[in-house]
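Listed below, chain by chain, are the residues.
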Amino acid sequence: MGSDSESPTSSDDSTSQNPNPNPHPNSTSIDQSLDAIEDQLTSIALAQPNDLASDDPASSSEEEEVFKDAPNGSVLEEENQKERNEGEIVEEEVGVVAAEEEVREEGRLGWRRVNSEVEVDRLSSPSSSGYAGERGSSGGASTASGIEEIGEDRGFDGNGRGEFFDGASDSQAPPWVPGKRHVDEDDASVSWRKRKKHFFILSHSGKPIYSRYGDEHKLAGFSATLQAIISFVENGGDRVKLVRAGKHQVVFLVKGPIYLVCISCTEEPYESLRGQLELIYGQMILILTKSVNRCFEKNPKFDMTPLLGGTDVVFSSLVHSFSWNPATFLHAYTCLPLAYATRQAAGAILHDVADSGVLFAILMCKHKVVSLVGAQKASLHPDDMLLLSNFVTSSESFRTSESFSPICLPRYNPMAFLYAYVHYLDVDTYLMLLTTSSDAFYHLKDCRIRIEMVLLKSNVLSEVQRSMLDGGMRVEDLPVDPSPRSEFSSPHLGQSRIATDSPDRFREAFAGIGGPAGLWHFIYRSIFLDQYVSSEFASPINSSQQQKRLYRAYQKLYASMHDKVIGPHKTQFRRDENYVLLCWVTPDFELYAAFDPLADKALAISTCNRVCQWVKDVENEIFLLGASPFSW
Amino acid sequence: MGCSSSVPSKSSGLPGGLNSDNGGMVDAKNLRVKLVLLGDSGVGKSCIVLRFVRGQFDPTSKVTVGASFLSQTVALQDSTTVKFEIWDTAGQERYAALAPLYYRGAAVAVVVYDITSPESFTKAQYWVKELQKHGSPDIVMALVGNKADLQEKREVTVQDGIDYAEKNGMFFIETSAKTADNVNQLFEEIAKRLPRPSPS
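Throughout what follows, the structure given in this document is the object of discussion.

Calculation rules
Residues numbered from 1 in each chain as written. Chains lettered and ligands numbered in written order. Predicted model: local features only at pLDDT ≥ 70, side-chain atom pairs only at ≥ 80, totals over all residues. Heavy atoms only, no water. Helix = DSSP H or I, 4+ residues; strand = E, 2+ residues; numbered from the N terminus. Buried < 20%, exposed > 50% of the residue type's maximum accessible area, 1.4 Å probe, protein only. Areas by Shrake-Rupley, 256 points an atom, 1.4 Å probe, with all protein chains shown as cover. Pairing = 2+ DSSP bridges. Axes fitted to C-alpha atoms, helices over the stretch in contact; angles between N-to-C directions. Patch = residues over 30% accessible without salt bridge, like charges linked within 9 Å, V, L, I, M, F, W, Y side chains within 5 Å. Salt bridge = Lys/Arg side-chain N within 4 Å of Asp/Glu carboxyl O. Lys, Arg positive; Asp, Glu negative; His and termini not counted. Contact = heavy atoms within 4.5 Å. Buried area = accessible area lost by both parts, 1.4 Å probe. Core = buried A, V, L, I, M, F, W, Y, C linked by side-chain atoms within 4.5 Å. Parallel < 35°, antiparallel > 145°, perpendicular 65-115°, else oblique. Left-handed = near helix turned anticlockwise from the far one by under 90°. Nonpolar A, V, L, I, M, F, W, Y, C, P; charged D, E, K, R; others polar. Disulfide = S-S within 2.5 Å.

Per the secondary structure count, chain B includes five helices and six strands. Counted from the first residue to the last, chain B has its helices and strands arranged as β-α-β-β-α-β-α-β-α-β-α. Residue burial in chain B is summarised as follows: out of 200 residues, 54% are buried. Per element, the accessible surface of chain B, about 8800 Å² overall, is 50% carbon and sulfur.

Let us look at the sheet that holds strand β5 (residues 258-264) of chain A. Residues and elements named next belong to chain A. Taken in spatial order, the five strands line up as β2-β1-β5-β4-β3 in an open sheet, and their pairing is antiparallel. Edge strands, defined here as strands with exactly one partner in the open sheet, are β2 (208-211) and β3 (242-245). For this sheet the average axis-to-axis angle between neighbouring strands, irrespective of direction, equals 15 degrees. Relative to β5, strand β4 (residues 248-255) runs antiparallel, the two being bridged by seven bridges. By the bridge assignment, valine 254 is partnered in β5 with tyrosine 259.

Residues A:Ile449, A:Met453 and A:Val454 make up a contiguous nonpolar surface patch of roughly 240 Å² in combined accessible area. The exposure class of A:Met453 is partly exposed, given its relative accessible area of 48%.

Residues and elements named next belong to chain A. Following the sequence through the fold, lysine 368 ends up in strand β8 (residues 368-374). There is no salt bridge for the buried lysine 368, and the closest opposite charge comes from glutamate 536, which lies 4.3 Å off by N-O distance. Among all residues touching lysine 368, those that are not within four sequence positions of it are Thr334, Cys335, Leu336 and Glu536.

Attention shifts here to unusual backbone geometry. Peptide bonds are trans in most cases, and residues, glycine excluded, mostly fall at negative phi. Residues and elements named next belong to chain A. Here the amide bond leading from serine 539 into proline 540 is cis, since omega sits at 0 degrees, within 30 degrees of zero. Residue position: proline 540 is located in the loop between β13 (531-534) and α19 (544-561). Although it is not a glycine, aspartate 530 adopts a positive phi angle of roughly 60 degrees. Assignment of secondary structure puts aspartate 530 in the loop between β12 (519-526) and β13.

Every contact between the two is made by 29 residues of chain A and, on the other side, 31 residues of chain B. Buried surface at the junction of chain A and chain B, summed over both partners, amounts to about 2300 Å²; 58% is from carbon and sulfur atoms. By the criterion of area lost to chain B, the three top residues of chain A are A:Thr400, A:Asp439 and A:Tyr442, representing 29% of everything that side buries. Summed over the shared surface of chain A and chain B, the number is one salt bridge.

Attention shifts here to the environment of A:Asp312. Residue and element names in this part refer to chain A. Take aspartate 312: it is sitting in helix α12 (residues 312-321). For aspartate 312 and serine 526, which are 214 residues apart along the polypeptide, the C-alpha to C-alpha distance reads 33 Å. In this structure, aspartate 312 is in contact with Lys180, Tyr210 and Glu216, ignoring residues within four places of it in sequence.

With 143 residues, the main nonpolar core has A:Met284, A:Met304, A:Phe391, A:Leu433 and B:Leu143 as its most contacted residues. It is helix α10 (residues 270-288) of chain A that contributes the most residues to this core, 11 residues altogether. In terms of nonpolar packing, the next biggest core, distinct from the first, is built from 32 residues, B:Leu76, B:Val82, B:Ile173 and B:Leu194 among them.

With that settled, consider the pairing of β13(A). Residue and element names in this part refer to chain A. Looking at chain direction, strand β6 (residues 333-335) and β13 are connected through two bridges and run parallel. Each bridged residue has a counterpart across the sheet, and for threonine 334 the counterpart in β13 is tyrosine 532. Relative to β13, β12 is paired through four bridges, and the arrangement is antiparallel. Counted as the bridge partner of isoleucine 523 is serine 534 from β13. Counted between consecutive antiparallel strands, the loop separating β12 from β13 contains four residues, among which aspartate 530 sits at a positive phi close to 60 degrees.

Residues and elements named next belong to chain A. With their axes 10 Å apart at the nearest point, α10 and α12 run at an angle of 150 degrees to one another. Classified by the interaxial angle, the pair formed by α10 and α12 is roughly antiparallel. In terms of crossing hand, the pair formed by α10 and α12 is right-handed. Together, Leu279, Ile280, Gln283, Met284 and Ile287 of α10 and Val314, Phe315, Leu318 and Val319 of α12 make up the contact between the two elements. Of the residues that constitute the contact of α10 with α12, the class distribution is eight nonpolar, one polar and no charged.

The full count for this structure, using the stated rule, is 18 salt bridges over all chains. For A:Glu463, the salt bridge identified is with A:Arg466, shortest N-O distance 3.6 Å. Of this pair, A:Glu463 and A:Arg466 both sit in helix α18 (residues 460-470), three residues apart, roughly one helical turn. The class for A:Glu463 is partly exposed, based on a relative accessible area of 25%. A relative accessible area of 35% means that A:Arg466 is categorised as partly exposed. Notably, a salt bridge pairs B:Asp114 with B:Lys147, separated by 3.2 Å at the nearest N-O pair. A residue pair is termed long-range when its members are at least 10 positions apart, and B:Asp114 in strand β4 (residues 108-114) and B:Lys147 in the loop between β5 (140-146) and α4 (158-167) qualify at 33 residues. Among the charged side chains, a network of salt bridges with common partners joins A:Glu396, A:Arg399, B:Asp58 and B:Lys62.

All names here are of chain A. Tallied over the entire structure, the rule returns zero disulfides over all chains. In this structure cysteine 295 is not part of a disulfide, and its nearest cysteine sulfur, from cysteine 408, lies 14 Å away. With a relative accessible area of 22%, cysteine 295 lands in the partly exposed category. Free cysteine cysteine 583: the closest other cysteine sulfur is in cysteine 608, separated by 9.2 Å.

So, about helix α1 (residues 45-54) of chain B. Residue and element names in this part refer to chain B. Taken across its 10 residues, α1 has eight buried, putting it largely inside the fold. For α1, the set of buried residues is Lys45, Ser46, Ile48, Val49, Leu50, Arg51, Phe52 and Val53. Two residues or fewer after α1 comes glycine 55, characterised by a positive phi angle close to 65 degrees.

Before going further, it helps to examine the packing of helix α3 (residues 118-134) of chain B against α4(B). Residue and element names in this part refer to chain B. Packing of α3 against α4 leaves a shortest axis separation of 12 Å and a crossing angle of 10 degrees. Taken together, the axis directions place α3 and α4 in an arrangement best described as roughly parallel. Residue-level inspection shows Phe121, Gln125, Val128 and Lys129 of α3 in contact with α4, the latter providing Asp160, Gly161 and Tyr164. Of the residues in the contact of α3 with α4, the class split is three nonpolar, two polar and two charged.

Purely geometric stuff here, so don't read any function into it on its own.
This is the structure:
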């Protein structure tokens, strides 16, 4: 569908889809759900840890179904199976077999192996986590998610002020504005209850620490309720992970004296929501270190909110990134595309500095890495990078002058502060030098001056700015003809090829990818490098709500591919009214691709092969190679 | 402890801290001093510094993280110059424990409160005591009541500020980073009060 017609179309959907199985969409407000939960706590067998995997498309009509009481939802699966258009899937599996020939001609492995896996997938797909179930259950249910996405999107992007259920209210500011919204609200506010996605941090005594919406202090009662649920289950010697109440999921994460809760009706998989809570916790650790636990040992009623004073922007920016930044679920980072020599030049000077007592030297542009170097034996986890760059980019004060601030990298050492010297070299490009020494400011300042000089002299900074303007890989630039590519092929990751070309080379003329076989977007994650590359959004994924919807679809796909109970899977081909989604996981990489919903399967598969080849051809420019700071 | 390895100590400093050279001096005519701003969050420390260093005022509040470092040179009537190396610290509680990192070895401490907030005045007194206990013994301290443009919301009287400053041997001034009132005067006055090196 055309980009312009997207939202009207979707709105139409939302009206036409209403006969789906939720007759009382408004009857599931959070507090009622929680009442229901409390009522049932005495009677329900507590959820086993493993009961939680599958998403639950058909639950909407059953408010009673609070806990996920059917392990892996056998009943639901059957239901889904019935409702799913099985014919299409089977037919498509055949498509893969047909494609095999073509792939083999190109002399690559991949899809041949994939082919055999497809069989496995087909067998397991009915239970292949919530994702399968959700898409599978009646057209009504699958577009029901569409409705909500739109509702949420409209609130978020249209207003630029956060997620609204009704998409109404607030001003028209188009770009996302960091900072906490709706501080005037509390759990008695209708608007507050209608928010699609809440995040809470509270202490084990029930004291609120953070809430995405509303004033923490006014939410003391609500916080205490959450705490009561958690401790009730804990008293029974168990742990509550997920409560399902109508279309709401309540996800719990207990981290010592810190409790984190997400209440969401966005239909994201449990694994995704829990991962988001993990990141929120990590962000808190980055600001305070885990030694904050000691405060609770001394005084269980300790009020932690003052300690997080002024960090609302950091959390709200992180929560926002859950809907646009693939790093939040891929656990990988992405690089700014740069000529190999340019990135090498940046890496060389960072390396010099790292030798002089700097633990990590990281040069980034927005959320993309230009180069990074770790001191010997120091490894930096992609999640730490995400949290660190979120912390820096969301805190405006770093832009005004050079700063020296204690920060903690939760995956590196959650107990100790490091000291971060942060300096913006231009509007988007910033240098972070991390050290263990609290006295090192002047040394780091000198390092920065040296680095900045070299970067200016070697034109790295201007190349960085040019790359920002040029953007990354574009699907329309996907090379057509496989034959000339062979000369570019790097034989192996990590073997460097001096690239003399610019991103312009990506723009080779290309024809024939549009139409029903049209590739819209892809994400390629290199497992070895802990890095991913994502294509630029192009027509028809133009609006930020469409981007967010696709992003959520990827997220579900990721969760279903990595399902611990019935996964992991190697391939998945999924067609719905919005996209064809294709996922391919090998020991080396994961590829997520979105196509036009009418795309031909065989063509889509061969296109994915071409994407992989293309990525390999340009890996010198899109990835940071050789540094591999994550291996010891 | 001590200074960072790359910067040679020019004078025997107090131990530790973010000192390039113990907030000391380059020569008799050109002083270089380390100055730290302390005070509750939201009283306008960063605004004062940005007004002084860049002549700017940004009404949108930007919470300082850790501490920002800026420098500015003031020329005095007697043809000496003073280069202030300013540590603009974050006012949040979580950074309080790290404050020694920034004020250790500082030659000047500027303690800021908001004249519309008695709590911030209380917090300022906390910082004064902390500096008296742990700061350099010869530290020059200034007490600054900021947001002087908000007369109608004033809750801390000028006299309260003067009295407290006098009792503690501090220099007192009220400023407005918004209108630029008294901001330059604050730093010039500090510069004048700095102990001069005896010419050698």
